[in-house]
Amino acid sequence: MSDNKTAGKAQEFKALSSKDKMRKVSDLLLNNAMYIIIVLAVIYISIEEPAFRKLPSIINVISLTAAKLPIALGIAGCIVLTGTDISAGRVVGLTACISASLLTTVFKVFPEMTSAPPILVVFLMVLAVGAVVGFVNGFSVAKFKLHPFIVTLSTQLIVYGLILIYLKNGTNNGQTLSGLSDGYRALVTGTLFTIQGVAVPRYVLYAVILTVIMWIIWNKTTFGKNMFAVGSNEEAANVSGVNVSRTIIMVFMLAGVMYAITGFLDGARIASANANTGLNYECDAIAACVIGGVSFVGGIGRISGIVVGVLLLQIIFAGLNFLSVDANMLYVIKGLIILIACAIDMRKYLVRK
Amino acid sequence: MENQEKKDVLLKMEGICKSFPGVKALDNVSLTVRAGTVHALMGENGAGKSTLMKCLFGVYSKDSGHIYLEGKEINFKTSKEALENGVAMVHQELNQALKRNVMDNMWLGRFPKISKWCPLTSESKMYAATKAVFDELEVQVDPKTVMSRMPVSQRQMVEIAKAVSFHSKVIVFDEPTSSLTEEEVEHLFRIINMLRDRGCGIIYISHKMEEILRISDDVTIMRDGQWVATRPAKELTMNEIIRLMVGRELTNRYPEKDNVVGEPLLEVKGLTAAYSALRDVSFVAKKGEVLGIAGLDGSGRTELLENIFGIATRKEGEIYLEGKRVMNRNARESLANRFAMLTEERRATGIFGIRDIQANTTISSLRRYKVGPFLSNKKLSEATEWGIRSMRTKTPSQRTQIRSLSGGNQQKVILARWLLTEPEVLLLDEPTRGIDVGAKYEIYQLILNLAKEGKTVLMVSSEMPELLGVCDRILVMSGGRLAGEVDARNTTQEEIMTLAAKYV
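Residues numbered from 1 in each chain as written. Chains lettered and ligands numbered in written order. Predicted model: local features only at pLDDT ≥ 70, side-chain atom pairs only at ≥ 80, totals over all residues.

Q: Looking at this model, I keep getting lost on the pairing of strand β8 (residues 118–121) of chain B. Mind explaining?
A: Within a regular beta strand, the side chains point alternately toward one face of the sheet and then the other, so they alternate between its two faces. Residue and element names in this part refer to chain B. Here two bridges tie strand β7 (residues 113–115) to β8, and the two strands are oriented antiparallel to one another. Bridged to K113 within β8 is T121. Following β7, the chain reverses through two residues before pairing antiparallel with β8. (Pairing = 2+ DSSP bridges. Helix = DSSP H or I, 4+ residues; strand = E, 2+ residues; numbered from the N terminus.)

Q: Help me understand the sheet that holds strand β24 (residues 481–487) of chain B in this model?
A: Sheets are built from strands paired through backbone hydrogen bonds, the pairs being either parallel or antiparallel. All names here are of chain B. A sheet is described by the order of its strands in space; here six strands give the open sequence β18-β21-β22-β15-β23-β24, paired in mixed fashion. At either margin of the open sheet sits one strand with a lone partner, and together these are β18 (339–342) and β24. Strand-to-strand twist in this sheet, taken as the mean axis angle between neighbours without regard to direction, amounts to 20°. Alignment of strand β15 (residues 290–295) against strand β23 (residues 473–478), held across five bridges, turns out to be parallel. Of the residues in β23, the one forming a bridge with G292 is I474. Strand contacts of helix α9 (residues 301–309): β15, β18, β21 (425–429), β22 (456–460) and β23, with the helix running at about 145° to β21, the strand carrying the most contacts. (Axes fitted to C-alpha atoms, helices over the stretch in contact; angles between N-to-C directions. Contact = placed C-beta atoms within 7 Å.)

Q: Got a minute to help me understand the nonpolar core in this structure?
A: As a rule of thumb, nonpolar side chains are buried together in soluble globular proteins. Core analysis: the biggest nonpolar cluster contains 169 residues, and A72, I75 and C289 of chain A together with L427 and I447 of chain B have the highest contact counts within it. Element by element, the count of residues in this core is highest for helix α12 (residues 244–270) of chain A, at 17 residues. Apart from the residues lying within four places of it in its own chain, the contact partners of L427 of chain B are L305, I308, F309, F339, A340, M341 and L458 of chain B. (Core = buried A, V, L, I, M, F, W, Y, C linked by C-beta atoms within 7 Å. Buried ≥ 20, exposed ≤ 12 C-beta atoms within 10 Å, placed from the backbone.)

Q: I tried to follow unusual backbone geometry on my own but got confused; where do I start?
A: Trans is the prevailing form of peptide bonds, just as negative phi is the prevailing case for residues other than glycine. Residues and elements named next belong to chain B. The phi angle at H167 is positive, at roughly 55°, despite the residue not being glycine. Residue placement: H167 occurs in the loop between α5 (152–165) and β9 (170–174). Given 10 C-beta atoms within a 10 Å radius, H167 is considered exposed. Even without glycine at this site, R392 takes up a positive phi of about 50°.

Q: What is the right way to read helix α17 (residues 493–500) of chain B from this model?
A: All names here are of chain B. For α17, the set of buried residues is I496, L499 and A500. With its buried residues spanning 100° around the axis, α17 presents them on a single face. On its buried face, α17 sits against β15, α16 (464–470), β23 and β24. (Arc of directions from axis to C-beta.)

Below, the structure is given as structure tokens:
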């Protein structure tokens, strides 16, 4: 089937004039420029720093990808709706702080507590927190018809304020939360299995599970199909009998839940949490989505693309680390990546004249 | 021919060719427009009319061929350059800055300055100049009105006035009457005749043959990117044009009405809209009936359908389906009550452009394709396949983006979407707008087949022959009210027009 297709395409290609051929080739190169740049970068770094392609480094990249994947999976839904969510990083911060303050041995935020509540209770609590922020975002977008940018800009500030207030509670006085309970740390960073002595942490498995769940939601449910419909033409979706408001609210709530999961995992992964936990996570997540083909045009995106996007971004960051590129320079590079990726993406949907 | 006045050739396009990857859009097309004449350009959608015009205006660069304006070869690179050289176009889809006012739009890109020494824009000069053009054209519009507050017809008048203000020698009208009422069409024709008498050359693109035969001097017909014929309009008949356009005889423009009207199904009582002019509309529609809704633009036809379907807010009124009251507060509720609605603005409220045929077909009936909590790919593609087959949609595959299909095929996909919800009442708002003749016939056939299955079809249309050809009864709206009802079998266009003007 696919062989036939490629054969057909090859024949079609042969039939084109040389001018058209050149154009096809340059189109192909441009549309995949991001991947090409990344592949070239990887090759270059592997040659410069052979340790980059050794197992510990690979496992490191995979672990980082797993850690950043949930937030990207959440934010992708908002982008499919032609929106965005810049409150994502702060929600990660808040939920990481809540998790770290409760699943600890030192209870600075709540001095009257003597033992940690069950992990499941805390997990469900942070999910609820994420869902509430998501609901506020989604409700404002759906019912007040505000642009998601302005809505999440506001909630981002609100959530940041809440984090700072929360960290002032008890005897903590705004300090970094650490001394996490062993159970919490083991659940998240415990060893899933080891390859040649290199441990793969458990949260890699969680990321895989979340990816599968999100794939099912996006592709196999009415909610998923409705989300894409609303993203590509809200008015038409309304006329077609889609509950547009509910769909928007659910997308943002689902996103909030994914940020909460990211926060819960991140607290234990980093083994501490403070007011800056999760800062700018949304940038990486949005960049990953755009690289992975989730378009700001709306109504377009695939889970596999998001996974690839996050992976590629982490490879680049890890590689730049290997080359000991200045950390400040990383921001410049990240910004450029988002800009170029968006430009390349937009190019695909422009109508040729 | 001998006694016909020999007029100067104003615009001459010769041997124009244009290819897009995989398609030859224009193949050696020629067009000659004489000064002081209206030259109609006809052809089915996709025949290449728009492409030819885009080559003239430099939107596309032609592959070969020559264009002469008053004997001088020209090759415009932008539509601005064309405008400045006296070639203007009144677009079918208006590209206007809707948030700005009329005069801002008129002088956009060439705002008059207060003086050479004071390079600020002069509002008073703009106002006076705009007013002058409007007076000349008998357009009653305040130049300070914000565009978005005006109906499409007036916005179009502004576009025409803009073309006139450039002292254009050649003016292209692309489907100018598709959103105009009869009265506005008359006004437009007066303007066109005026421009013709001044010696302008008019290129008139339209699907409406009655208009073409009335207004034009010459007719050029295109088919599949090729020139077919250029003849004086006097020598042509409607059937002849159709034959040239489609390349075959269309014996019937409308399929045979063989539906049987049955028991009453839908009853609407005292329907009044909260935010539009619709007032106190009551009627009964029967099973197996095609009920037409005629009226001028803005007479409340669209609003009537929108209020029945619940996508506009009702103030008062009741809707009964088989004697049982239905609320239809929003599209979801209407859908559950077996109503379906094809909206007027296909691109804005119909299609999901970047999504594929399957997504576009199944969106309204997703719950039918569930196996357990999840959607079944097999069921989705079966439903889509049914839609493509029963509508005879021309598409390479289910995975094709809907926006790459022609208007008629897009319309078929949306029809399939609604049929999959198994509706009893279909509300169709201008179902054949912007669709070529062949596809129109197929849509008529589909509508009549639905009626034959016992469904009730309410159909709004601006084309009266279409209503007469397809419907059983016709409701005539006027000024937001129901002006009357006629039997399509024994009424005339004159009778409908009289009713339509009742409350204006």
